[in-house]
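A structural walkthrough
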Amino acid sequence: MDLIALPASESARVQKFLRGIFNPTGDAVFLSPAQMQWKYWESHPGWTGSRSYGFVDDSGEIIAHACSWPLSLRTTESTISGVHPIDWAASPRARGAGAELLRQIRELREISCCIGGTDVAQAVVRKSGFKPAATMQILARPLRPLRQALTHPRRDWKLPARLLRNTAWIVIKSAHAPAGWVAERVLPGAIPEAVLPLAALDLAVATRYPALFEYMSKCPTARHQIWLVRHRNEPRGYFVLSFVPGQARVADAWVLSRESEEWRALYVLAVQAALEEGSTAEITTGATLQEACQGAIACGFRPYGEIDVMLYDPNARLAGVKQIHLQMLDNDLAFLHNNRIEYST
Ligand SMILES: CC(C)(COP(=O)(O)OP(=O)(O)OC[C@H]1O[C@@H](n2cnc3c(N)ncnc32)[C@H](O)[C@@H]1OP(=O)(O)O)[C@@H](O)C(=O)NCCC(=O)NCCS
């Protein structure tokens, strides 16, 4: 089977194929023409050309599809180019086409990464030679319990109990920034290089750069905001908030220190920024670093799930690395939603 980069003129056919496999209910925001254009064909600083790849059969019908989401990792020695497949699907009448597409897509870069996915996808990923490399914790915290209760999609006996619990939760874990810590909303280009994720001997980090934040800020289905974090006027880190119905997500974050106390300060500022924005009742985040998770928990986030990070690294480029810093921005977790409110807390 030959890998084909599908052009934007194939948008309707790709959409029809993915709709047939994923069988989405409701609006299927992830398949809206604007969202597909952005994910697959809008110019991306980390990829050249179309990111919509597939196989077609003899009659020209699409039988498998995946979008290459660029994801490179930085070690102390080099930057390693990588790819994460998203919107990955194969026709059941072409057995194994999905696994073959995964094999061919990962050959386009030095490494490949898969964060979570459906049960069948995870089984195929494991069988294809990907190995567990990290765990991403998903954490969440209520922002506005009353608004959450009034807009909650599940209206049952748990509703008042949840309102009481979440109200107590945010009172007990009220988020005050430590002295001297502030966050300021900035344009993507205003994040100084000095606060971008930095590799250490045992730590590889997802590569970040202003053009990537600029790309994210053009996402048509989830607003993204970029905030610079300062301590006593010195830039110390940044976070990216994305907004989906009912929920703010800390899609990406970094602080210069590996102390959980600094991560706590960052997450407090993210909570305040989300409250200030005003449209959501809950905030979530995803992180692989222990200190980030501990910092989030210390300001009232609770773990709601764990996602396996699977890595394909045929040339052992990450052999000496013990930890990998990845966030929601490294796959579609930053912006995926069903155009309806869904809460975790
Ligand atoms: C994930 C996917 C792309 C893999 O494509 P593929 O390699 O062509 O998959 P196959 O249909 O050949 O199935 C691969 C294996 O999963 C098994 N499988 C298929 N559908 C399954 C299901 N619904 N539940 C559990 N196992 C399933 C098959 O029996 C097969 O097992 P085997 O290798 O031991 O025989 C394809 O299964 C798919 O499109 N799934 C639906 C969409 C999806 O979940 N996408 C991933 C989003 S993260």
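The structure presented is a predicted model; accordingly, all values stated were derived computationally and were not measured.

**Side note on the overall build of the protein chain**
The number of helices and strands found in the protein chain is nine helices and 16 strands. Taken over C-alpha atoms, the radius of gyration comes to 20 Å for the protein chain, in line with the 20 Å a tight globule of 345 residues would show. Principal-axis analysis of the C-alpha atoms places the extent of the protein chain at approximately 65 × 50 × 35 Å. Relative to its 345 residues, the protein chain shows a buried fraction of 52%. A fraction of 74% describes how many contacts in the protein chain between residues 6 or more apart in sequence connect residues 24 or more apart. Accessible surface computed for the protein chain: about 15,000 Å², of which carbon and sulfur atoms make up 53%. Mean positive and mean negative side-chain charge positions of the protein chain (37 and 33 charges, respectively) differ by 6 Å.

**As for the packing of aromatic side chains**
Counted by the stated rule, this structure contains 14 aromatic pairs. Taking the centre distance of 5.6 Å and the plane angle of 90° together, the rings of phenylalanine 22 and phenylalanine 30 count as edge-to-face. Ring centres 5.1 Å apart and planes at 85° place the aromatic pair tryptophan 38 and phenylalanine 335 in the edge-to-face group. With a gap of 297 residues between them, tryptophan 38 in helix α2 (residues 33-41) and phenylalanine 335 in the segment after β16 (323-325) connect regions that are remote in the sequence.

**Overview of the site of the ligand**
Lining the immediate surroundings of the ligand are 17 residues, of which Trp88, Ala90, Arg95, Gly96 and Thr118 lie closest. In the model, an oxygen atom of the ligand is placed 2.8 Å from a nitrogen or oxygen of the glycine 98 main chain. At 2.8 Å, a backbone N or O of alanine 99 approaches an oxygen atom of the ligand. Protein chains shield 59% of the accessible area of the ligand, which is 930 Å² for the free molecule. The set of elements that each furnish at least two residues to the shell around the ligand consists of α1 (11-22), β6 (82-90), α3 (97-106) and α4 (119-127). Taken together, the residues of the shell around the ligand break down into eleven nonpolar, four polar and two charged.

**A few points about the pairing of strand β8 (residues 131-142)**
Taken together, the nine bridges between β8 and strand β15 (residues 302-312) define a ladder with antiparallel strand orientation. What sits directly across from glutamine 137, in β15, is glutamate 306.

**A look at the domain arrangement of the protein chain**
Domain annotation of the protein chain identifies domain 1 (4-111) and domain 2 (137-334). The partner domain 2 presents 30 residues to the 29 residues of domain 1 that form the contact. Together, the buried faces of domain 1 and domain 2 total about 2,400 Å²; carbon and sulfur atoms form 62% of this surface. The largest per-residue losses of area from domain 1 upon contact with domain 2 belong to Trp38, Leu73 and Arg74, which jointly make up 26% of the total buried on that side.

**Re the side chain of aspartate 252**
Considering the arrangement of structural elements, one finds aspartate 252 in strand β13 (residues 247-255). In contact with aspartate 252, other than residues within four places in its own chain, are Arg208, Phe213, Tyr238, Phe239, Val240, Gln327 and Leu329.

**Regarding empty space enclosed by the protein**
On inspection of all chains with the given rule, the structure shows one cavity of 30 Å³ or more. Its boundaries defined by the atoms lining it, the largest cavity holds a volume of some 30 Å³. Lining of the largest cavity is provided by Trp254, Val255, Leu256, Ser257, Arg258, Trp263, Leu289 and Glu291. Split into classes, the residues belonging to the lining of the largest cavity amount to five nonpolar, one polar and two charged.

**Considering the packing of helix α8 (residues 260-277) against helix α9 (residues 290-298)**
Each pair of packed helices gets described by two things: the angle between the helix axes and the distance between those axes. Running from N to C, α8 and α9 cross one another at 55°; their axes reach a closest spacing of 7 Å. As summarised for this structure, α8 and α9 are arranged oblique, according to the angle between their axes. Of the two elements, α8 crosses α9, and the hand of that crossing is right-handed. Here α8 contributes Ser260, Trp263, Arg264 and Tyr267 to the contact with α9, which in turn contributes Glu291, Ala292, Gln294, Gly295, Ala296 and Ala298. Classifying every residue of the contact of α8 with α9 gives five nonpolar, three polar and two charged.

**Notes on the nonpolar core**
Within the largest apolar cluster, 89 residues are counted, with the highest numbers of intra-cluster contacts made by Ile191, Phe239, Leu241, Tyr267, Ile283 and Leu326. Residue contributions to this core peak at ten residues, all from α8. Here this core gathers at least three residues from each of two domains, domain 1 (4-111) and domain 2 (137-334). What isoleucine 191 contacts, discounting residues up to four positions off in sequence, is Val186, Leu196, Phe213, Ile226, Trp227, Leu228 and Tyr238. With 19 residues, the next largest nonpolar core counts Tyr53, Ala94, Ala121 and Val125 among its residues.

**Examining the pattern of salt bridges**
When charged atoms on two side chains of opposite charge get close, those side chains can pair. Overall, the coordinates contain 15 salt bridges when judged by the stated rule. Two residues, aspartate 202 and arginine 258, come together in a salt bridge whose shortest N-O distance is 3.3 Å. Of the two residues, aspartate 202 is situated in the loop between β9 (181-186) and β10 (203-206) and arginine 258 in the loop between β13 and α8; the sequence distance between them amounts to 56 residues. Exposure remark for aspartate 202: the relative accessible area of 26% places this residue in the partly exposed category. Of the charged contacts, one joins arginine 236 and glutamate 262 as a salt bridge, the two residues approaching to 3.0 Å between their closest N and O atoms. Here arginine 236 is found in strand β12 (residues 234-244), whereas its partner glutamate 262 is found in helix α8, with 26 residues between them in sequence. Judged by its relative accessible area of 21%, arginine 236 falls in the partly exposed class.

Rules behind the numbers
- Per chain, residue numbering runs from 1 following the sequence as it is written.
- This being a predicted model, a pLDDT of at least 70 is required before a residue's local features are given, and a value of 80 or more before pairs of side-chain atoms are given or counted; all residues contribute to the totals for chains, interfaces and linings.
- With hydrogens and water excluded, all non-hydrogen atoms of the structure serve as input to the side-chain values.
- Note on conventions: DSSP H or I runs of at least 4 residues are helices, E runs of at least 2 residues are strands, and numbering of each starts at the N terminus.
- Throughout, radius of gyration means the C-alpha value; the globule benchmark is 2.2 Å times the number of residues raised to the power 0.38.
- Only protein chains enter the area calculation, which uses a 1.4 Å probe; residues under 20% of their type maximum are buried, those over 50% are exposed, and those in between are partly exposed.
- Throughout, a contact is declared for two residues whenever any of their heavy atoms are within 4.5 Å.
- Only the protein chains shown count as cover for residues, and all accessible areas are computed by the Shrake-Rupley method using a 1.4 Å probe.
- Counted as positive: Lys and Arg. Counted as negative: Asp and Glu, with His and the chain ends omitted from the count.
- The atom standing in for a charge is NZ when the residue is Lys, CZ when it is Arg, CG when it is Asp and CD when it is Glu.
- Two rings belonging to Phe, Tyr or Trp (six-membered ring only in the last case) form a pair when the distance between their centres is within 6.5 Å. Interplanar angles under 30 degrees mark stacking, angles over 60 mark edge-to-face geometry, and anything in between is tilted.
- Throughout this document, a residue counts as near a molecule or strand when at least one of its heavy atoms sits within 4 Å of that molecule or strand.
- Side-chain atoms alone can form a polar contact between residues adjacent in sequence; in general such a contact is a pair of N or O atoms within 3.5 Å, and within protein one must be able to donate a hydrogen while the other accepts it.
- Under the grouping applied here, Gly and all other residues not named as nonpolar or charged are polar, the nonpolar ones being Ala, Val, Leu, Ile, Met, Phe, Trp, Tyr, Cys and Pro and the charged ones Asp, Glu, Lys and Arg.
- Should DSSP find at least two bridges between two strands, the strands are taken to pair.
- Domain delimitation follows an automatic or database domain assignment.
- Here the buried area means the combined drop in accessible surface, using a 1.4 Å probe, for two parts upon being joined, counting both sides.
- Think of a 1 Å grid over the protein atoms and nothing else: a 1.4 Å probe that fits but is trapped marks a cavity, an open set flanked by protein within 12 Å on at least five of seven lines marks a pocket, and residues with an atom within 4 Å of a point count as lining.
- Grid points are joined across faces, edges and corners, and a volume is the space filled by probe spheres set on the points.
- Orientation is described by axes fitted as lines to C-alpha atoms, over the contacting stretch for helices, and by angles from 0 to 180 degrees between their N-to-C directions.
- These descriptions rest on fixed angle ranges, namely under 35 degrees for roughly parallel, over 145 for roughly antiparallel, 65 to 115 for roughly perpendicular, and the rest for oblique.
- In this scheme the crossing of two helices becomes right-handed for a clockwise turn of the near helix relative to the far one and left-handed for an anticlockwise turn of less than a right angle.
- What makes a nonpolar core is a set of buried Ala, Val, Leu, Ile, Met, Phe, Trp, Tyr and Cys residues whose side-chain atoms join them at distances within 4.5 Å.
- When a carboxyl oxygen of Asp or Glu is within 4 Å of a side-chain nitrogen of Lys or Arg, the pair counts as a salt bridge.

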